[in-house]
Amino acid sequence: MTTRPFGEAVQRREDPRLLTGRGRYLDDLGSGALAAAFVRSPHAHAVVRDIDVADALDVDGLVAVYTWEDLPERLARPLPLLIPHPALTHGRTALPLARDRVRHVGEPVVMVVARDRYLAEDACALIRVDYDPLPAVVGLEEAARGERLVHDDVPGNVGAHLVQSVPSADGREAGEAIAAAPHRLEFRLDIERSASMPLEGRGVYARWDADDASLRVYSSTQTSTSVRMALAATLGLPLPKVEVIAPDVGGGFGVKIMHPWPEEVLVPWAAMLLGREVKWTEDRREHFTSSAHERAQAHSVRVGFDDDGRVLGLDVTILHDHGAYTPYGIIVPIITSTQLPGPYRLGAYRVAFSSVYTTTVQVTPYRGAGRPQAVFCMERTMDRIAAHLGLDRTAVRAANLIQPEEFPYDQGLTFQDGRPLVYDSGDYPESLRLLKELIGWDSFAAEKERAAAGGRRLGIGIGCYVEGTGVGPYEGGHVQITSDGRVHVSTGLTSQGQGHETVFAQIAATELGVPLERVSVVTGDTRRFGYAVGTFASRAAVMSGNAIALACRKVREKALRIAAEALEADPRDLEITDGLVHVAGVPGASVPLATVAVLANPLRYAFDDEAARATQFAGASPPDRPPVAEGEEPGLEGRGYYSPIRSTFASGMHAAIVETDPLTAEIRILRYAVVHDCGNLVNPMIVEGQIHGGVAQGVGGALYERMVYDGHGQLLNASFMDFLMPYATEVPHVETAHLQTPSPLNPLGIKGAGEAGVIPVSAVIASAVEDAEGIPVMKMPISPSELFDLRRAAGGPQAS
Amino acid sequence: MKPPPFDHHAPRTLAEALDVLAATGEHGKVLAGGQSLIPLMNMRLAAPAHLVDINRLGGLAAVETGPDGVRVGALARHAQVERSAGAAAVQPLLRQALRLVAHPVIRNRGTAVGSLVHADPAAELPAVLALLGGSVRLARRGGTRDVPAGEFFTGPLESALGPGELAVSAFFPALPPRAGTAFEEVSRRHGDYALAGVAALVRLDGGLRVAAATAACVSAGPVPVVVDVTAACGAAPAGAADWEAAARAVRERIEPEDDIHASADYRRHLTGVLAARALREAARAAVEHADGSAGGYAAGSRAGDGG
Amino acid sequence: MGEAAHEIALTVNGVLRRTRVPGRRLLSDCLRHDLGLTGTHVGCEHGVCGCCTVLLDGEPVRSCLMFAVTADGHEITTVEGLADGARMSPVQRAFAECHGLQCGFCTPGFLCTVTALLRENPAPSGEEVLEGLSGNLCRCTGYQNIVRAVHRAAEIMAEERAEEA
């Protein structure tokens, strides 16, 4: 069988476990643990006057009740601000439990620990918190007016303000370039709030071993290494005494990269204090009001362009709603600002954002992380230009595309990793050509006309994007071949369903020349690998994939060196096939990797026959040299780290055909086409799956999902009844075509694929609905009721 | 999201159930399918002190069909009624509506009578009962009463069911001769509560002209709104009736409200569109019915079907 | 004061299991925490997501919308009971083959739903498959490969029936 599974659509190693109920998610662990539950603020904004827990104390099975007063000094402080930025002049984070002020519905105020969750909730229901309500601050406009403050010491509610400006080649600033352009347009584009909404919520399970003075924490997180460091720091424990493990995680999509959550520090603290295992499993209502949302942004656009639609100057002012706190910094508006130019060469570009506080759930990245907003903004702008000039929408895009020979292409901006935004590779014109062919762009006009003759309204839309993936600073991998010939791979970043066990095994099997079945992969377990950043920004395959490849190359080199001695051959003449090291072209002369592993670890004690070969009287090492040579280490293992100079840029283009019902204003997606370029594919089946899932989330964001707050800051749709995640019946079939432009930045030539699918969908659907209706669509998502309103506002014939 | 504590009662006989309900009064709540009640309890929006679980009362699971109509027992699941060929033959609107109720898995557990008692104005079955002029049979210790649909639904999530009472069955009158029905709705996602929905019943005279036309609207007011549109569409031949005029009449009568999914104006508009569609389809079905049944209706119905 | 406990007996995956539960114990929690069958997942506890779907006397139901006491005396099949010993069922195999799962959290609910669907309708049309899946949420896959897996499972089952005949 082949030992080059890289690039093959191999079935996932995770699946047998997950398909038979043997997956282990957070709440599947700790069957004997105590359960935590929280009393959370019912008010969007209030002073906490008093907390009366007396009635709860009668609940049978109650173990402990904690308020802010009970917290030790290290825990009584605001939670960390994870990503400081000079522009974030007024960053604010929450306390693990509110002291005297709550700033959104759902903010934790009291923690209860009881024998089980039912009883913990009973106790919560009996705790009386006396609040003095304050005015809520909801929505971008109200926040920006700054009349009511979310934080008393943040004037105008503005947490951050950042401007980036890239002059045109002839030195003009955007304002000037726009003023001088033959055509100018000015408009506003809005996107509402949504959320990652994994089907498994957050959860933490902590075990304190008093004898060993060590803490083991399981968390449904996208970053176990960073949770570990945060816990050690917050709880005052030596780092080696804390281990954090991400078990099977039921989806993340960004929300689980946020950390440490209040619950993530409180539950381990309670476990230590009580000397008992404690677990908290977030329920769905908590997830809606106490985790994080994303997407809400308003964009004021000014653009100047020439007769062909070439953008000469673009000026975008963004208002970003980051909710009540900024624990994750201002990454989302930074990404919007910098990914907005997409695959285009813009004349001059200026982007400014203000990030404002509201009394709503905090905003942290959700799959796409600011890019869906950026693409909505840029692509709607392209469509406006096309409409203004009476040009085909793809022609305007083609006129602006960066050409293949222009790579590396420097956009002149500073990306989310603090580094220059330089596109490494891509072929955008080819991508556009493929997409037009796939969707049948050029023949659509005739189709639309035929449909219209039958009373049907069809529209076609397009959206293009470039996605910075694989951001640093680094990831690492450890590879060990044991004396049974098995290959053990570990990496610190975590998995939430992306098939890392499979793709990393494919990479290791290919690099080492071993059968895939012999490779096992562990992710997100600090006991196995302590240095990592986490899974976000479509970075796992790029970062850990390359780190593992580098580790494998080290191990391979060592294996060849040892085998060369055993075979009395030159290591340069050796190769590894199916787990056997052999002289190229001489199949007879070989030594199994298992034996090499034995020889790599000189032994005193034989624990089995195989091990006996490495003991001191077996003649495995020459008596005139130390058994472990200087500079060497025992064992056939190696570590590799990949730390890229900057991100690698994947890209793609989507198109859709929609039908709108002239009477009911229902919107149906008839076709959805994707052209995607993420460099070399490790496993095409998995990449395809990522795209499908991303598009489905994009469709949710375009047509169904939104977080609806009322003026009092109450989230009106905090359930799956009213937060409308699409079912199978709402998601279109996705047609895909792949382009593979390898990245020159990393050894495997790969780019990230995790977020891609979701990025352009709102832009595409808006474009298609606008085409069907002939009415500008400037806000997303759009519901039938809103389309009905648009029709009425446009004064069009309203059939009834 | 765990339900608050309650005393669980699992009576084995109807009499026993009624005794418990009488004893617990307004603190007692009946549990049948639980598909509406248990979510409310899990969210602690409902906290009955006593839950009277009627799932062991085997006698209440029947779907009985006869020439007059379909009697659905309190434990008949949506799926069971939906599958009943007899019920569909006697009153096709039942199946037409049930297919629109939530998702198949919910219909396996949820009961038709439970849905009526829940009295959600956005739900399909209350509209069906209201349109057909059916009734709900309420039992209490020492007696039963039949409450006509028009009196049963008293407000959003409010019905005439009193403390100590158990809804033992509901009666859906049979489709009259030369009549047809249809149910049209638009929901945000497949299976969601409808943004608007209309059940229609059209009866023709011997000359296949519209003799009576009514529409019942969901999500259009505090209770299902039944509108008689016979006058609006005139005694025209089934194929030529002015359904748009009927739709206008419907729009004038209903009182939809804004919510997070749709504006009242859109709902009003949409209800009209769906009314025209449903009435047109019901008229078409009536013509077919008049052609096909030739004086006999529900010929294939049998009693006790599916119980 | 403690809550009254009820003695219940459930036949789960063919095995008679007895346990004591308070009246309010949800069937999902009973299966997961009292009987240790954690393959049934809980995603919303208000009956919308479908992660907790199990088979009650062969029919798919939401185990978060049923009290364990109500299930007393009934037969329940969970995801742990779908495989035939070490060999995965055709539905499970089809999901693996078609990449019908990513994080796997919603998967047990889909597997139970699809198992019942194909038992009732061995060769469903595209529309019937969508209707059958329409009560289960998946946030990862976009459903496309799940739909493919259902058709593939129907195919595998037909092949196996043909082999047996």
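Calculation notes
- Residues numbered from 1 in each chain as written.
- Chains lettered and ligands numbered in written order.
- Predicted model: local features only at pLDDT ≥ 70, side-chain atom pairs only at ≥ 80, totals over all residues.
- Helix = DSSP H or I, 4+ residues; strand = E, 2+ residues; numbered from the N terminus.
- Buried ≥ 20, exposed ≤ 12 C-beta atoms within 10 Å, placed from the backbone.
- Contact = placed C-beta atoms within 7 Å.
- Rg over C-alpha atoms; globule rule 2.2 N^0.38 Å.
- Pairing = 2+ DSSP bridges.
- Domains from an automatic or database assignment.
- Nonpolar A, V, L, I, M, F, W, Y, C, P; charged D, E, K, R; others polar.
- Axes fitted to C-alpha atoms, helices over the stretch in contact; angles between N-to-C directions.
- Left-handed = near helix turned anticlockwise from the far one by under 90°.
- Core = buried A, V, L, I, M, F, W, Y, C linked by C-beta atoms within 7 Å.
- pLDDT = per-residue confidence, 0-100.

Q: Which parts of the structure should I look at to understand the overall build of chain B?
A: Summing up its helical and strand segments, chain B has 12 helices and 14 strands in all. By principal-axis analysis of the C-alpha atoms, chain B measures approximately 60 × 45 × 30 Å. A total of 307 residues make up chain B; the buried ones form 62% of that total. Expressed as a percentage of contacts within chain B between residues at least 6 apart in sequence, the contacts between residues at least 24 apart total 65%.

Q: Which parts of the structure should I look at to understand the overall build of chain C?
A: Regarding its fold elements, chain C presents five helices and five strands. For chain C, the N- to C-terminal ordering of α and β elements is β-β-α-β-β-β-α-α-α-α. In terms of overall dimensions, chain C is globule-like: its C-alpha atoms have a radius of gyration of 16 Å, near the 15 Å expected for 165 residues. The principal-axis extents of the C-alpha atoms in chain C amount to approximately 55 × 35 × 25 Å. Buried positions account for 64% of the 165 residues belonging to chain C. Considering only residue pairs separated by 6 or more positions, chain C has 60% of its internal contacts joining residues 24 or more positions apart.

Q: Just checking my understanding: could you explain the sheet that holds strand β6 (residues 128-133) of chain A for this structure?
A: All names here are of chain A. Read across the open sheet, the three strands follow the order β4-β2-β6; overall the sheet is antiparallel. On the outer flanks of this sheet lie β4 (101-102) and β6, each paired with one strand and no other. Strand direction decides the pairing type here: strand β2 (residues 46-52) and β6, joined by six bridges, are antiparallel. Directly across from Val48, in β6, lies its bridge partner Tyr131.

Q: I keep staring at the domain arrangement of chain C and nothing clicks. Help me out?
A: Size of an interface, as often reported, equals the accessible area lost when the parts are brought together. All names here are of chain C. When the domains of chain C are assigned, the result is domain 1 (5-81) and domain 2 (90-164). Counting residues at the interface gives 17 residues for domain 1, matched by 11 residues for domain 2. Put simply, the parts of the chain that give the side of domain 1 that touches domain 2 at least two residues each are β3 (53-56) and β4 (59-62). If one sorts the elements of the side of domain 1 that touches domain 2 by residue count, β3 sits on top with three residues. Each residue belonging to the side of domain 1 that touches domain 2 can be placed in one class, and the counts come to eight nonpolar, eight polar and one charged.

Q: Sorry, what's going on with the interface of chain A and chain B here?
A: On the chain B side, the residues contacting the 26 residues of chain A number 18 residues. Those elements giving two or more residues to the side of chain A that touches chain B turn out to be α2 (117-126), α7 (284-290) and α19 (784-793) of chain A. With five residues, α2 of chain A is the single largest residue contributor to the side of chain A that touches chain B. When the residues that make up the side of chain A that touches chain B are grouped by side-chain class, the tally is 10 nonpolar, six polar and 10 charged.

Q: Quick question: what am I supposed to make of the packing of helix α8 (residues 331-339) of chain A against helix α9 (residues 371-389) of chain A here?
A: Each packed pair of helices is defined by two parameters, the angle between the axes and the distance between the axes. All names here are of chain A. Look at α8 against α9: their axes get within 8 Å of each other, and the N-to-C directions meet at 35°. Of the two elements, α8 crosses α9, and the hand of that crossing is right-handed. Counted together, Ile335, Thr336 and Gln339 of α8 and Arg371, Gln373 and Ala374 of α9 form the full contact between these two elements. The residue makeup of the contact of α8 with α9, split by class, is two nonpolar, three polar and one charged.

Q: What exactly am I supposed to notice about the nonpolar core here?
A: Most often, soluble globular proteins keep nonpolar side chains buried together rather than apart. Grouped together as the largest cluster of nonpolar side chains are 428 residues, with contacts concentrated most on Val112 and Ala508 of chain A together with Ala199, Ala215, Ala246 and Leu279 of chain B. Ranked by residues supplied to this core, first place goes to helix α14 (residues 540-567) of chain A with 15 residues. Ala246 of chain B has contacts with Ala213, Val229, Ala232, Cys233, Ala275, Ala276 and Leu279 of chain B, leaving out every residue within four places of it along the chain.

Q: Help me understand the sheet that holds strand β23 (residues 580-583) of chain A in this model?
A: Sheets are built from strands paired through backbone hydrogen bonds, the pairs being either parallel or antiparallel. Residues and elements named next belong to chain A. Across the sheet, three strands lie side by side as β22-β23-β24; this open sheet has antiparallel pairing. The open sheet terminates on both sides in strands that have one partner only, identified here as β22 (574-577) and β24 (586-592). Strand-to-strand, the axes of this sheet are offset by a mean angle of 35°, without reference to chain direction. Summarising the sheet, β22 and β23 pair through four bridges and their orientation is antiparallel. Residue pairing for β23: Leu574 is matched across the bridge by Val583.

Q: How should I be thinking about the domain arrangement of chain B in this particular structure?
A: Residues and elements named next belong to chain B. Entries for chain B in the domain assignment read domain 1 (1-174) and domain 2 (179-291). In this assembly, 20 residues from domain 1 lie in contact with 20 residues from domain 2. Elements represented by at least two residues in the side of domain 1 that touches domain 2 include exactly α5 (92-98), α8 (124-132) and β8 (153-155). Element by element, the count of residues in the side of domain 1 that touches domain 2 is highest for α8, at seven residues. Along the lines of polarity and charge, the residues of the side of domain 1 that touches domain 2 split into 16 nonpolar, three polar and one charged.

Q: Explanation requested: the confidence of the model for chain C in the structure shown.
A: A low pLDDT means the predicted coordinates there should not be read in detail. When pLDDT is averaged across chain C, the result is 97; 99% of the residues are at 70 or more. For this predicted complex, the interface confidence score (ipTM) comes to 0.98, while the overall pTM stands at 0.96.

Q: Is there a simple way to explain unusual backbone geometry in this structure?
A: Negative phi values dominate among residues other than glycine, just as trans dominates among peptide bonds. All names here are of chain A. Cis rather than trans, the peptide bond between His259 and Pro260 has omega equal to -15°. Of note, Pro260 is situated in the loop between β11 (242-245) and α6 (262-274). The omega torsion across Phe407 and Pro408 is -10°, close enough to zero to call that bond cis. Inspection of the secondary structure assignment puts Pro408 in the loop between α10 (393-400) and β16 (409-414).

Q: Even after reading the chapter, I still don't get the interface of chain A and chain C, so can you show me in this structure?
A: At the interface, 43 residues of chain A touch 48 residues of chain C. If you list the elements that add at least two residues to the side of chain A that touches chain C, you get α1 (15-19) and α17 (684-704) of chain A. No other element matches α17 of chain A, which puts six residues into the side of chain A that touches chain C. Looking at side-chain class alone, the side of chain A that touches chain C contains 18 nonpolar, 16 polar and nine charged residues.

Q: When you look at α8 of chain A in this model, what are you seeing that I'm missing?
A: Since there are 3.6 residues in each turn of an α-helix, residues three or four apart along the chain are aligned in direction. In terms of residue burial, α8 of chain A counts as a mostly covered element, since nine of its nine residues are buried. Regarding α8 of chain A, the residues found buried are Ile331, Val332, Pro333, Ile334, Ile335, Thr336, Ser337, Thr338 and Gln339 of chain A.

Q: Would you mind showing me how to read the packing of helix α4 (residues 126-133) of chain C against helix α5 (residues 144-164) of chain C here?
A: Residue and element names in this part refer to chain C. Interaxial distance between α4 and α5 falls to 10 Å at its minimum, and their mutual angle equals 115°. Crossing handedness for the pair α4 and α5: right-handed. Packed against α4, whose contacting residues are Val129, Leu130 and Leu133, the element α5 presents Ile146, Val147, Val150 and His151 at the interface. Partitioning the contact of α4 with α5 into residue classes produces six nonpolar, one polar and no charged.

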